[in-house]
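# Coordinates in review
Single-letter residue listing:
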Amino acid sequence: MREIRVGLIGFGTVGSGVVKCLHNNGKLIGARSGVQPVIHKIADLDIVTDRGVPIDKSLLTTNVSDVLDNPDIDVVVELVGGTTIAKDFVLRALKNGKPVVTANKALLAYHGDEIFAAANESGADIYYEASVAGGIPIIKALREGLAANHIRAIYGILNGTCNYILTRMEREGLSFQPVLDDAQALGYAEAEPSLDIDGDDTAHKTTILASLAYGEWFGMKPLFIEGIRHLDLVDLRYAAEAGYKIKLLGIIKLAGNNGTIEMRVHPTLIPTGSMLANVSEVFNAVYVKGDVVGDTMFYGRGAGMDATASAVVADLVDVGLNLTFESPQRVSAFRPHGTYSDVVDMEDIDCRYYVRLEVLDEPRVLGRIADILGNGGISIASVTQEEAKPGTDSLPIILITHQAKERSIRRALTEISQLDVVRGTPVMLRIEDI
């Protein structure tokens, strides 16, 4: 059995989880794989705080060079996060010929092309299973398990914080802010939650999955991103009455037969009976449709110490096997392979829409709205109208449309919002009939 000496940079929650996993399951890992990763050095600015895991204090250092420039280190694990100093660490490790394992989705989303180029130049591996959906092995599935397939579509619930908030809002009839407050108190949401609730974290993971699926490192620029901060409880209720649940999805799919794809992140109505709609609480799920395999779904915990550590250690085993059998880059971190390099502008996507309007309780209002939609080439699939509440002169109208261009629905809603019978700003959400 070969011992793989691991240099760990970052001894926070995930780093502690990696140490814990190797301590508890190291013998099992070795028996299964023939390689046994062992912690050789840990670099962190704080080497005093007790992390609650067994570790020889002599392995701790505040000097990152003790990891990056140490000839005894076989593989570097980067767990400091961010896109600045972490990038320097990863590039330096690769330049030194050391394989790298990282959980850093933001780093890959913004600088993946540069990092993979550095890995190719050095001949060293870089693995990043933990960067998307925590303990769910979706990276390995796309790179290896589904290698025989053209990927038709990927729909991902990729942020546990948002999924927890939406689950509680729907189940308990609570508005957004109180649930966010609870999520923060429970440690599911950060004190500054913007990265999660505004959709950026989901977007980082979405662009990584899209790049693996379609063979072009897209980065962040082509992505449309819309979070859940402004979702109203009433829309979850109306969606449920229409047979839908609302989830924050990362959506990646072929847009047609011309090699274009869609990449977008936004709250989405999906059918209540679908498997994805029933993923609740902090859990993640990734639905993948391949041309050969058909529909597959991967489900599990998308964050947290143990789930993320599981993915990091799995990558360490792969790196260890590559070193043992002298097959670095046996599976390339990223290999350009597709012809799907054109991303559809959000204005040009086609989908169905949920629209909520607040209108005056007057005759012919619905007819005026229908005329505007019809003139824009937008067909109405269903209409729900509630009675005006006592003491008010307005009522909600809920419209579900047939397939339409985003540009058309936006233009129509701008015109509708200017009608003298419409109150407030129309609410528009997209529908995916998964």
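One can find the structure itself at the top, above this paragraph.
Numbering of residues begins from 1 in every chain and follows the order in which that chain's sequence is written. Restriction of local features to residues with pLDDT of at least 70 applies here, the model being predicted, together with a cutoff of 80 or more for giving and counting side-chain atom pairs; totals for whole chains, interfaces and linings are based on all residues. By convention in this description, side-chain values take in all heavy atoms of the structure and omit both hydrogens and water.

## Some details on the pattern of salt bridges
Take a side-chain nitrogen of Lys or Arg and a carboxyl oxygen of Asp or Glu: if they are within 4 Å of each other, that pair is a salt bridge. What the rule picks out here adds up to 33 salt bridges. Of the charged contacts in the structure, one is a salt bridge between R168 and E172, with a shortest N-O distance of 2.6 Å. Residue R168 and its partner E172 are both found in helix 6 (residues 160–172); the two are separated by 4 residues, about one turn of the helix. Three labels apply to residues, based on accessible area from a 1.4 Å probe with only protein chains included: buried if under 20% of the type maximum, exposed if over 50%, partly exposed otherwise in between. E172 gets classed as partly exposed once you look at its relative accessible area, which sits at 38%. Two residues, K245 and E170, come together in a salt bridge whose shortest N-O distance is 4.0 Å. Of this pair, K245 sits in strand 9 (residues 244–254) while E170 sits in helix 6, and the two are 75 residues apart along the sequence. In this structure, a network of salt bridges that share partners links the residues E226, E347, D348, E406, R407, R410 and R430. Each helix is a run of DSSP H or I of at least 4 residues and each strand a run of E of at least 2, with the numbering of both proceeding from the N terminus.

## Observations regarding the packing of aromatic side chains
Note on ring pairs: Phe, Tyr and Trp rings are taken, using the six-membered ring of Trp, and paired if centres are within 6.5 Å. Classes follow the plane angle, with under 30 degrees stacked, over 60 edge-to-face and the rest tilted. The tally for this structure, following the rule as stated, stands at 7 aromatic pairs. Each ring, one from F116 and one from F334, has its centre 6.0 Å from the other, and the planes form 25°; the classification is stacked. Placement of F116 in helix 4 (residues 105–122) and of F334 in the loop between helix 11 (305–324) and strand 13 (342–343) is noted, with a sequence separation of 218 residues between them. Geometrically, the ring pair formed by Y155 and Y287 is tilted, given 5.9 Å between the ring centres and 50° between the ring planes. You can see Y155 sitting in strand 7 (residues 151–157) and its partner Y287 sitting in strand 11 (residues 283–290), a full 132 residues away along the chain. The class for Y155 is buried, based on a relative accessible area of 9%. Members of the aromatic cluster, connected to one another through ring pairs, are F116, Y128, W217 and F334. To sit over a ring, a charge needs its Lys NZ or Arg CZ within 6 Å of the ring centre and within 35 degrees of the ring normal. The ring of Y127 is capped by R143, whose NZ or CZ atom sits 5.0 Å from the centre of that ring.

Keep in mind these values describe shape, not function.
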